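# Fold and contact review
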Amino acid sequence: GLVGAFFVVELVYGLISGSLALLSDAGHMAADVVTLGAALVATRIATRPDRTGRRSYGSYRAEVFASLLAVVLMLLVAVYVVAEAIGRIGAPAEVSSGPMLVVGAIGLAVNLVALFLLRQGAGESLNVKGAYLEVVADTVGSVGVIVAGWLVAATGQTYWDTVIALAIGVFVAVRAVSLGRQVFAVLGQHVPAGIDAAAVAQDLASIEGVRDVHDLHLWTLTSGMNVAT
């Protein structure tokens, strides 16, 4: 609710002020609304009991797919912002620093509240971590908007707006790639981090009565839930 309401405010003032930094941050906010909504829906789906008897692992993977959606949205926003920033290089632009400073400050406050609400869950769920990182990127975006507004006001040079927007886009892309690697490790059914498959096989083989251990598979179903067959 906080992020959705502020997205509307930032989009309107971004269009009024002509600030690419504000518009790029509004793009992050739009992605936040979708990501947070998807994370909430995925969490509800993952906790539903299976009444069909056909989903032997339940619906936990919904959380991982929501994380993947967060990665895709973050990358799309980053590509758009970088492309727009490059397109503005050398082109004259009218940017109003006043709305940038005011809206950037409000956005920073909204994002800090969202970070506080998501912080604990981010360490327990890849799904919530995706939403958390999206808000982290937006927090950096809000700081960038404030810095860009201050630089434009102090120097009178509007190119600072473009420079900051470009930096925000690169930062978001780096965070998206980092989360993406974790998501694909889960979807690719890699051995969970911190687990030695050979050691697990050896421990099983050492149990009295076990003749052989073969076709051992270890993977992560969803955050904090590892599976072995």
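Quick note: structure is the one above.
Basis of the calculations
- Residue indices begin from 1 for each chain and proceed along its sequence in written order.
- It should be noted that, the model being predicted, local features are given only for residues of pLDDT at least 70 and side-chain atom pairs only at 80 or more, the latter also being counted only at that level, while totals for whole chains, interfaces and linings use all residues.
- Hydrogen atoms and water are omitted, and side-chain values are computed over all heavy atoms in the structure.
- For helices, the fitted axis covers only the stretch in contact; all axes are lines through C-alpha atoms, and the angles between them, taken along N-to-C directions, range from 0 to 180 degrees.
- Working definition: helices are DSSP H or I runs of at least four residues, strands are E runs of at least two. Numbering for both runs from the N terminus.
- By definition in this entry, angles of less than 35 degrees are roughly parallel, angles greater than 145 are roughly antiparallel, angles of 65 to 115 are roughly perpendicular, and the rest are oblique.
- By definition, any crossing whose near helix is turned counterclockwise from its far helix by less than a right angle is left-handed, and any crossing with a clockwise turn is right-handed.
- Any two residues having at least one pair of non-hydrogen atoms within 4.5 Å are treated as being in contact.
- Classification used: nonpolar for Ala, Val, Leu, Ile, Met, Phe, Trp, Tyr, Cys and Pro, charged for Asp, Glu, Lys and Arg, polar for all others including Gly.
- For every residue, the accessible area obtained with a 1.4 Å probe (protein chains only) is divided by the maximum for its type, and the residue is called buried under 20%, exposed over 50%, and partly exposed between those limits.
- For two strands to count as paired, DSSP must find a minimum of two bridges between them.
- Ring geometry is summarised as follows: Phe, Tyr and Trp rings, the Trp one being its six-membered ring, pair when their centres sit within 6.5 Å, and such pairs are stacked at plane angles under 30 degrees, edge-to-face over 60 and tilted between the two.
- Salt-bridge detection follows one rule: a side-chain nitrogen of Lys or Arg within 4 Å of a carboxyl oxygen of Asp or Glu.

Another point: the packing of helix H2 (residues 20-46) against helix H5 (residues 126-155). It is the contact of H2 with H5, at a shortest axis distance of 9 Å, that shows an interaxial angle of 165 degrees. Between H2 and H5, the interaxial angle falls into the category roughly antiparallel. Note that H2 runs across H5; the crossing there is left-handed. The segment H2 lies against H5, with Ala-21, Leu-22, Asp-25, His-28, Met-29, Ala-31, Asp-32, Thr-35, Leu-36, Ala-39, Ala-42 and Thr-43 engaging Asn-127, Gly-130, Ala-131, Glu-134, Val-135, Ala-137, Asp-138, Gly-141, Ser-142, Val-145 and Ala-148. Looking at the contact of H2 with H5 residue by residue, the classes come out as 12 nonpolar, seven polar and four charged.

This part takes up the pairing of strand S1 (residues 218-222). Across the five residues that make up S1, a large majority, five, are buried. Between S1 and the antiparallel strand that follows it, strand S2 (residues 225-228), lie two residues; Gly-224 among them carries a positive phi value of about 75 degrees.

Another aspect to go through is the packing of aromatic side chains. Under the criterion given, the structure shown has one aromatic pair. For the ring pair Tyr-57 and Trp-219, a centre distance of 6.0 Å and an interplane angle of 75 degrees mean the geometry is edge-to-face. Separated by 162 residues along the polypeptide, Tyr-57 in the loop between H2 and helix H3 (61-88) and Trp-219 in strand S1 bring together distant segments of the chain. The exposure class of Tyr-57 is partly exposed, given its relative accessible area of 37%.

Let us look at the pattern of salt bridges. All told, the structure shown has one salt bridge when counted by the stated rule. Between Arg-55 and Asp-50 there is a salt bridge, with its nearest N and O atoms 3.7 Å apart. The class for Arg-55 is partly exposed, based on a relative accessible area of 39%.

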